Amino acid sequence: MTPSPNARIDLRIGVVPRAKTILDVAFGRARQSVLEAKRDIFKRQHEHKVKRIENIRIQVAASNVCAQLQSITDAFPTYDHLAPFYRELLKATLDLVVFKESLGALKWAAQRTRALQRQFAGQIEKSRMQQLHTMRAAFFGRVSSVVDQIDDALQNLEDARKILKRFPTIKTSIPTVVIAGMPNAGKSTLLRALTGSEPEIKPYPFTTKNIMLGYRGVREAKIQFVDTPGLLDRPLSERNPIEKQTILALTHIARVVLFIIDASGTGGYTVKAQLDLLREIRKEFDMPFIVVANKMDISGAKPIKDTFSISAENGDGINDVATAVEEAVAKATQKTSPEAQTKTQ
């Protein structure tokens, strides 16, 4: 069954072991299987019994290697099945060619190991008793060589796992509002005022700060609010290509941008500088914008044209902003729904 592109990504990936660990586990399990087999077939003819034991040994070793490699491969998300938001994050944070080649290397190693198991199983049946030890050693040596060849791939996947672990678990299936604005404009205070609760704090790639998530119930639905400190709070000219790619990821989940301006100027940035940033972000996000002038309760703050005048701290004007957000989200959602897109085709 193909996963839905809007499903939440599960990034609880276990540590990717190195080649030596995989071999130690597989060969140890093989030794244990022989002890169990000896108890089961000790009454059989001696030569047949010994060959049977050696075949069990190599079968268990091969199966364990393949199972470990398959488990690692299955733990990583399939790129083509990810929501666009996560695909963009992967592009920004991983070398996709190396990532896909590393997963492919594990698949190759599993197939080669299974082929070796079949090959040596046939040879053991035809071998003389004095050759069995040599055959077993040769099999273990060949499998070790195969798994050693993918050790770099295993390390690449472990590095990728550590990066993926930092991805936020954003709900890509519900309407999302991205909150933007200069530092100290009051974004987190506005987020709390709109959602009525403390935001969830999640890591985000390529910023030392965490994004904050909040949710507002609208009738039977929800709106997700995302505040991204360290990303949408300074001019694009100050960002490197990877940061710009990370911002692009946000365009895939956002339906509306809520831009907040510190109208009092007490946050360390002039109103002009904040309006300049607003113009830049409008170029990146082709969607409705709602602009609010915050801190209107502070002396010296002046209303700004085409904005909502609010005080996130004391709640003034929050209801009007909430209503505007809900209406904008409803319109944007209707416009991007499959039914609406069908009508326009």
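Residues numbered from 1 in each chain as written. Predicted model: local features only at pLDDT ≥ 70, side-chain atom pairs only at ≥ 80, totals over all residues. Heavy atoms only, no water.

A. Just the overall build of the protein chain, in detail. For the protein chain, the count of helices and strands is 11 helices and seven strands. Each of the 345 residues in the protein chain was classed as buried or not, and the buried ones make up 49%. Long-range contacts, defined here as pairs at least 24 residues apart, represent 71% of the contacts in the protein chain between residues at least 6 apart. When the accessible surface of the protein chain is totalled, it reaches about 17800 Å², and 50% of it is carbon and sulfur. (Helix = DSSP H or I, 4+ residues; strand = E, 2+ residues; numbered from the N terminus. Buried < 20%, exposed > 50% of the residue type's maximum accessible area, 1.4 Å probe, protein only. Contact = heavy atoms within 4.5 Å. Areas by Shrake-Rupley, 256 points an atom, 1.4 Å probe, with all protein chains shown as cover.)

B. Structural context of the side chain of asparagine 64. Here asparagine 64 is to be found in helix α2 (residues 46–75). With sequence-adjacent residues up to four places away left out, asparagine 64 is seen in contact with Val25, Ala26 and Arg29.

C. The arrangement of the pattern of salt bridges in detail. Tallying each qualifying case throughout the model produces 11 salt bridges. Across the salt bridge formed by glutamate 198 and arginine 192, the nearest N and O atoms sit 3.8 Å from each other. Using a relative accessible area of 61% as the deciding quantity, one classes glutamate 198 as exposed. Here the residues in one salt-bridge network are Glu54, Arg57 and Arg136, joined through shared partners. (Salt bridge = Lys/Arg side-chain N within 4 Å of Asp/Glu carboxyl O.)

D. Molecular detail of the confidence of the model for the protein chain. Summing up the model confidence of the protein chain, the mean pLDDT is 84 and the portion of residues at 70 or higher is 84%. Across residues 338–345 the pLDDT falls below 50, and counting only partners more than four positions away or on other chains, this stretch makes four contacts in the model. (pLDDT = per-residue confidence, 0-100.)

E. Just the environment of glutamine 224, in detail. For glutamine 224, the position within the fold is in strand β4 (residues 221–227). Setting aside its immediate chain neighbours within four residues, glutamine 224 contacts Ile170, Lys171, Ile174, Pro175, Thr176, Val177, Gly214 and Tyr215. Here lysine 171 takes part through its backbone oxygen, which lies 3.0 Å from a polar atom of the side chain of glutamine 224. Among the polar contacts made by the side chain of glutamine 224, one reaches the side chain of threonine 176 at a distance of 2.9 Å. (Polar contact = N/O pair within 3.5 Å; in protein donor to acceptor, adjacent residues only side chain to side chain.)

F. Seen up close, the pairing of β4. Counted residue by residue, β4 has five buried out of seven residues, so it is predominantly covered. For strand β1 (residues 176–180) and β4, the ladder comprises four bridges, and the chain directions are parallel. In the sheet register, valine 178 faces β4, and the bridge partner there is valine 226. (Pairing = 2+ DSSP bridges.)

G. A look at the pairing of β1. Most of β1 is tucked away: five of the five residues are buried. Of the two faces of β1, the one holding Thr176, Val178 and Ala180 and the one holding Val177 and Ile179 are both buried throughout. By the bridge criterion, five bridges tie β1 to strand β5 (residues 254–262) in an arrangement that is parallel. Looking at β5, one finds that valine 177 is bridged to valine 256.

H. Spatial organisation of the side chain of serine 102. Mapped onto the secondary structure, serine 102 falls in helix α4 (residues 96–126). Side-chain polar atoms of serine 102 contact the backbone oxygen of valine 98, separated by 2.8 Å. Those residues in contact with serine 102, other than ones at most four positions away along the chain, are Ala153, Asn156 and Leu157.

I. Local environment of the packing of α4 against helix α5 (residues 132–149). Contact pair α4 / α5: the axes reach a minimum separation of 10 Å and the direction vectors enclose 170°. Taken together, the axis directions place α4 and α5 in an arrangement best described as roughly antiparallel. Packed against α4, whose contacting residues are Trp108, Ala109, Arg112, Thr113, Leu116, Gln117, Gln119, Phe120, Gln123 and Ile124, the element α5 presents Leu132, Met135, Ala138, Phe139, Arg142, Val143, Val146 and Gln149 at the interface. Classifying every residue of the contact of α4 with α5 by side-chain character gives 11 nonpolar, five polar and two charged. (Axes fitted to C-alpha atoms, helices over the stretch in contact; angles between N-to-C directions. Parallel < 35°, antiparallel > 145°, perpendicular 65-115°, else oblique. Nonpolar A, V, L, I, M, F, W, Y, C, P; charged D, E, K, R; others polar.)

J. Summary view of unusual backbone geometry. Even without a glycine there, the phi angle at asparagine 184 is positive, about 70°. Within the secondary structure, asparagine 184 sits in the loop between β1 and α7 (187–195). Positive phi outside glycine occurs at lysine 295, with the angle close to 65°. By secondary structure assignment, the location of lysine 295 is in the loop between β6 (289–294) and β7 (308–309). Take lysine 295: its relative accessible area is 16%, and that puts it in the buried class.

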